[in-house]
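# Observations on the model geometry
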Protein chains: 2
Amino acid sequence: MDHTNIAPEQRPQHNGAPPAPARRAHRYERPKVAVDTVLFVVDGGRLKTYLVQLKSGPLRGKWAFPGGLVRVGEMLDDAARRQLLSTTGLECAYLEQLFTFGDPSRDPRAHVVSVAYMALISDPARVAVPSHKYAAGGWYEVPGQLPPLAYDHALIADYALSRLKAKLAYTNIAAFVLPKSFTFKELEDLYAAILGRSLDRRNFRRRIAAMGLLKKLPVKRYGPHRPAGLYSFRKQTLQVVQML
Amino acid sequence: MDHTNIAPEQRPQHNGAPPAPARRAHRYERPKVAVDTVLFVVDGGRLKTYLVQLKSGPLRGKWAFPGGLVRVGEMLDDAARRQLLSTTGLECAYLEQLFTFGDPSRDPRAHVVSVAYMALISDPARVAVPSHKYAAGGWYEVPGQLPPLAYDHALIADYALSRLKAKLAYTNIAAFVLPKSFTFKELEDLYAAILGRSLDRRNFRRRIAAMGLLKKLPVKRYGPHRPAGLYSFRKQTLQVVQML
DNA sequence: ACAAAAGTGTTGGCAATACACCCATGG
DNA sequence: CCATGGGTGTATTGCCAACACTTTTGT
């Protein structure tokens, strides 16, 4: 891009701005940059996402994904991680940028451009502690009824879910939602939960095997009935399978 | 997201900022938002993109995609269109957001978060006139040797090309690069140019026909040899073909 | 022995690939 | 009639979806 016009002098006046504004700060006014993160977890075979309830402002009482403004000098990913940590106390295992929402009216108070992220954590046991900055916080099953969302967060929720679904098909993204070792059935249930439909066990095993991302562990999980073989992903970093 | 902390008072101090800054404006400092647009055109069977050469600043002489800062109250798409129009005089037929690049060091002068876009125009005849804000401007064939790029624009270029390639497979995105009517051969050449490889004519016709996005016109194009049937896309808006 | 979950193969249809010849026109 | 690009069909292959029974363990 051209950042030549970073100096405000070179910038054309924007619509209806007074030519000689009273407060100099106003001339420099620019949209702010925020990140909003859709955090997913799978708990008991259900896909859930974390929401916080706003405490003040015109949208008080509405719910939103954890997020906030980006600082000068901060990477976008770092901003997302920082907000997630300060809001939920959780460090995500996976973080991916989704899309940037910039409608000036998405936030009634100011023009805030929001870079949406999706994050995954693998341990549903660590329950997030709501920050004092919010009225409440909690996990909500998705797809399903979410409480009334602030801003354009309903859009962001849809976007995140469809991205997650798509990535199941050709990556090992499930590695970031599952514990280190798991049974084939658990993997299948995870896929079924996210995709919202059940899968044929045999075809599923075949497809997953074809991806070649799993390794079989030499142990089994014993339960009330026939023991199940345990597996883990070969790599804990995102792998993309070529499907030419 | 939480925009609760829009009020600067609620915002935590960022790294190393003096607790009582001399200039109040500094306390309010935030990353700026820009858009950068990769404009593609197909001219003579070659895919080309438009670049401008920076006139001043630490990156003087380097080349960049048209772009600039977003104004308060402006939609991101509108910002991209505005910059494209002011830089090249062109109105794009198609515009799509790609990704947002936010590395604070991507611009040596300031922290500028850039929302990258891809744009398509159909008429290679309209030659862009370089704006006076730039030392030069011109079309460069891609994939191919581009001049030295400023910022992280090499990344953006790669990203745009791969997105364009991917969309050929399951959308009528070619509609925005071709004139209203065209021959099958022209369409095939377009695909070949963008994908960087040649295609089997018969299989290509079959696949395109299967997408069902074309209609055959009752006229032919006469040339020095056998006339070719003319086609057009049924819809001039983006259509996505389901491939279950 | 029985209940419960784990594990395993085969078949048919569809879609993608590879491949070569005839056609229509202008010169 | 010839040169040039336009237009067409078939055979094979690999992939994906549908489908049901046997095995292993705990109780």
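Our subject in this report is the structure included herewith. Since the model is a prediction, treat every value here as computed from it, not as a measurement.

## With respect to the pairing of strand S9 (residues 214-221) of chain A
Residue and element names in this part refer to chain A. Bridge analysis of S9 against strand S10 (residues 228-233) gives five bridges, and the strand direction is antiparallel. Bridging across to S10, Leu214 finds its partner in Phe233. Where S9 folds back onto S10 in an antiparallel hairpin, the turn is made up of six residues.

## Looking at the protein's contact with DNA strand C
The environment of DNA strand C is made up of 19 residues, and the closest members are Arg201 and Gly229 of chain A together with Asn203, Pro224 and Arg226 of chain B. The contact atoms of DNA strand C, taken as those within 4 Å of the protein, divide so that sugar and phosphate hold 38%. At 2.7 Å from a sugar or linking oxygen of DNA strand C is found a main-chain nitrogen or oxygen belonging to Pro224 of chain B. Elements that contribute at least two residues to the surface near DNA strand C include exactly helix H5 (201-211) and S10 of chain A together with helix H5 (201-211) of chain B. With four residues, the single largest contributor to the surface near DNA strand C is H5 of chain A. Counted by class, the surface near DNA strand C contains four nonpolar, five polar and ten charged residues.

## Considerations on the sheet that holds strand S8 (residues 182-183) of chain B
All names here are of chain B. Spatially, the three strands line up as an open sheet ordered S8-S10-S9, and their pairing is antiparallel. For this open sheet the edge positions go to S8 and strand S9 (214-221), each flanked by a neighbour on one side alone. In this structure, S8 lies alongside strand S10 (residues 228-233), joined through two bridges in antiparallel fashion. By the bridge assignment, Phe182 is partnered in S10 with Tyr231.

## Quick notes on the nonpolar core
Soluble, globular proteins show a tendency: their nonpolar side chains are buried together. With 50 residues, the main nonpolar core has Val35 and Leu76 of chain A together with Val35 and Leu76 of chain B as its most contacted residues. Listing elements by their share of this core, those giving two or more residues are strand S1 (32-43), strand S2 (46-53), helix H2 (76-88) and strand S6 (112-120) of chain A together with strand S1 (32-43), strand S2 (46-53), helix H2 (76-88) and strand S6 (112-120) of chain B.

## Structural notes on the relation of the copies chain A and chain B
Two chain copies here: they are related by a rotation about an axis and a translation along the same axis. At an RMSD of 0.1 Å, chain A and chain B line up after a rotation of 180° and a shift of 0.1 Å along the axis. The transformation just described matches what one would write down for a two-fold rotation axis. Counting the interface residues of chain A, we find that 98% of their copies in chain B are interface residues as well, pointing to one common contact surface.

## Some remarks on the packing of aromatic side chains
Residues and elements named next belong to chain A. Evaluation of the coordinates by the stated rule reveals 20 aromatic pairs over all chains. Relative to Phe176, the ring of Tyr94 lies with its centre 4.9 Å away and its plane at 25°, an arrangement referred to as stacked. In this pair, Tyr94 sits in strand S5 (residues 94-101) while Phe176 sits in the loop between helix H3 (153-168) and strand S8 (182-183), placing the two residues 82 residues apart along the sequence. Taken as a pair, Tyr94 and Phe176 share a single burial class, namely buried. Judged by centre distance (6.3 Å) and plane angle (85°), the ring pair of Phe101 and Tyr159 falls under edge-to-face.

## Structural notes on a positive patch on the surface
Taken together, the side chains of Arg201, Arg205, Lys216, Lys220 and Arg226 of chain A define a basic patch exposed on the protein surface. Of all the secondary structure elements, the ones that give two or more residues to the positive patch are H5 and S9 of chain A.

Each value, and the rule that gives it
Residues numbered from 1 in each chain as written. Chains lettered and ligands numbered in written order. Predicted model: local features only at pLDDT ≥ 70, side-chain atom pairs only at ≥ 80, totals over all residues. Heavy atoms only, no water. Pairing = 2+ DSSP bridges. Helix = DSSP H or I, 4+ residues; strand = E, 2+ residues; numbered from the N terminus. Near = heavy atom within 4 Å. Polar contact = N/O pair within 3.5 Å; in protein donor to acceptor, adjacent residues only side chain to side chain. Nonpolar A, V, L, I, M, F, W, Y, C, P; charged D, E, K, R; others polar. Core = buried A, V, L, I, M, F, W, Y, C linked by side-chain atoms within 4.5 Å. Buried < 20%, exposed > 50% of the residue type's maximum accessible area, 1.4 Å probe, protein only. Least-squares fit on C-alpha atoms with pLDDT ≥ 70 in both. Contact = heavy atoms within 4.5 Å. Phe/Tyr/Trp six-rings, centres within 6.5 Å; stacked < 30°, edge-to-face > 60°. Patch = residues over 30% accessible without salt bridge, like charges linked within 9 Å, V, L, I, M, F, W, Y side chains within 5 Å. Areas by Shrake-Rupley, 256 points an atom, 1.4 Å probe, with all protein chains shown as cover. Salt bridge = Lys/Arg side-chain N within 4 Å of Asp/Glu carboxyl O. Lys, Arg positive; Asp, Glu negative; His and termini not counted. Charge placed at Lys NZ, Arg CZ, Asp CG, Glu CD.

Remember that the coordinates give geometry; whether it matters functionally is a separate question.
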